[in-house]
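Tertiary structure, described
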Amino acid sequence: HLYDQLAFDRETQKAKDHDTIKLLTTAASMAQDAGNKELYSYLSENLDITESSMDVFDCGNAVINALINTKYYEARHKDIPINYSLEDLSGINLPNSDIVSIVANMLDNAIEASCKCDSERRYIRFKALLTGGLLCVSCENYYIGNLVMGEKGFKSDKDSEGHGYGLLNIES
């Protein structure tokens, strides 16, 4: 499956990145000690880039880990604080495609909505847990705009092409 391969590739890359970060950190420290500000600055910038491939969160499910960590760095890059509350999700009994649809759509919508808010109202709170064998997920964020009550519940007033399918995908 594509998602299993993605998770395997991410774990392999994490191991390589771990060693690379150690090498770059050592080289940056040596450059700083030698007074080479240009080299130190260059290496420090690359450390920031490399850090984005490191997992901050681990819930026991490789697919969710890949999504959560990718979205964490995307939100951080856009100056959106994100707070995750994750339990051990290793026992999820859902197809990976459903997990991706649920988690990615929720976080994409939250990031998009948060980008439109003033900096003091930018935040995302994401929670996932298993209750009685069921995956329970919640995502909170501020939103600027109007919510419209449709046949299947609330939706945003976005009317551009390609929008509006995410929540429908989550529901199905």
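Described below are features of the structure shown in this document. (Residues numbered from 1 in each chain as written. Predicted model: local features only at pLDDT ≥ 70, side-chain atom pairs only at ≥ 80, totals over all residues. Heavy atoms only, no water.)

**Description of the sheet that holds strand S3 (residues 134-141)**
Going by this rule: For two strands to be treated as a pair, DSSP must find at least two bridges joining them. Working definition: helices are DSSP H or I runs of at least four residues, strands are E runs of at least two. Numbering for both runs from the N terminus. As a rule, the C-alpha atoms of each element are fitted with a line to give its axis, helices using only the stretch in contact, and angles between N-to-C directions run from 0 to 180 degrees. In what follows, a contact means two residues having at least one pair of non-hydrogen atoms within 4.5 Å.
Spatial ordering of the open sheet is given by S1-S2-S3, a layout of 3 strands whose pairing is mixed. Both outer strands of the open sheet, strand S1 (82-86) and S3, are each paired with one neighbouring strand and no more. Strand-to-strand, the axes of this sheet are offset by a mean angle of 10 degrees, without reference to chain direction. Pairing of S1 with strand S2 (residues 124-131), which is carried by 5 bridges, proceeds in the parallel orientation. Across the sheet, residue Asn 83 finds its bridge partner in S2, namely Arg 125. Helix-sheet contacts for helix H3 (residues 62-77) involve S1 and S2, and the interaxial angle to S1 is about 160 degrees. Taken strand by strand, helix H4 (residues 96-115) contacts S1, S2 and S3, and its axis lies near 5 degrees from that of S3.

**Quick word on the pattern of salt bridges**
This is how the line gets drawn: In what follows, salt bridge is the name for a side-chain nitrogen of Lys or Arg lying within 4 Å of a carboxyl oxygen of Asp or Glu. Relative accessibility decides the category of a residue: with a 1.4 Å probe and only protein chains considered, values under 20% of the type maximum give buried, values over 50% give exposed, and everything between is partly exposed.
Tallying each qualifying case throughout the model produces 5 salt bridges. For Lys 78, the salt bridge goes to Glu 74, with nearest N and O atoms at 3.5 Å. A relative accessible area of 26% means that Glu 74 is categorised as partly exposed. The shortest N-O distance in the salt bridge between Glu 112 and Lys 116 comes to 3.9 Å.

**A closer look at the nonpolar core**
Convention followed: Here, the term nonpolar core denotes a set of buried Ala, Val, Leu, Ile, Met, Phe, Trp, Tyr and Cys residues that are joined through side-chain atoms within 4.5 Å.
In this structure, Ile 68, Tyr 84, Leu 107 and Phe 126 are the most contacted members of the largest nonpolar core, which totals 26 residues. Listing elements by their share of this core, those giving two or more residues are H3, S1, H4 and S2. Looking at which element gives the most residues to this core, the answer is H4, with 9 residues. When residues no more than four places from it in sequence are discounted, the contact partners of Phe 126 are Ile 68, Asn 83, Tyr 84, Ser 85, Leu 86, Val 103, Met 106, Leu 107, Val 137, Ser 138 and Cys 139.

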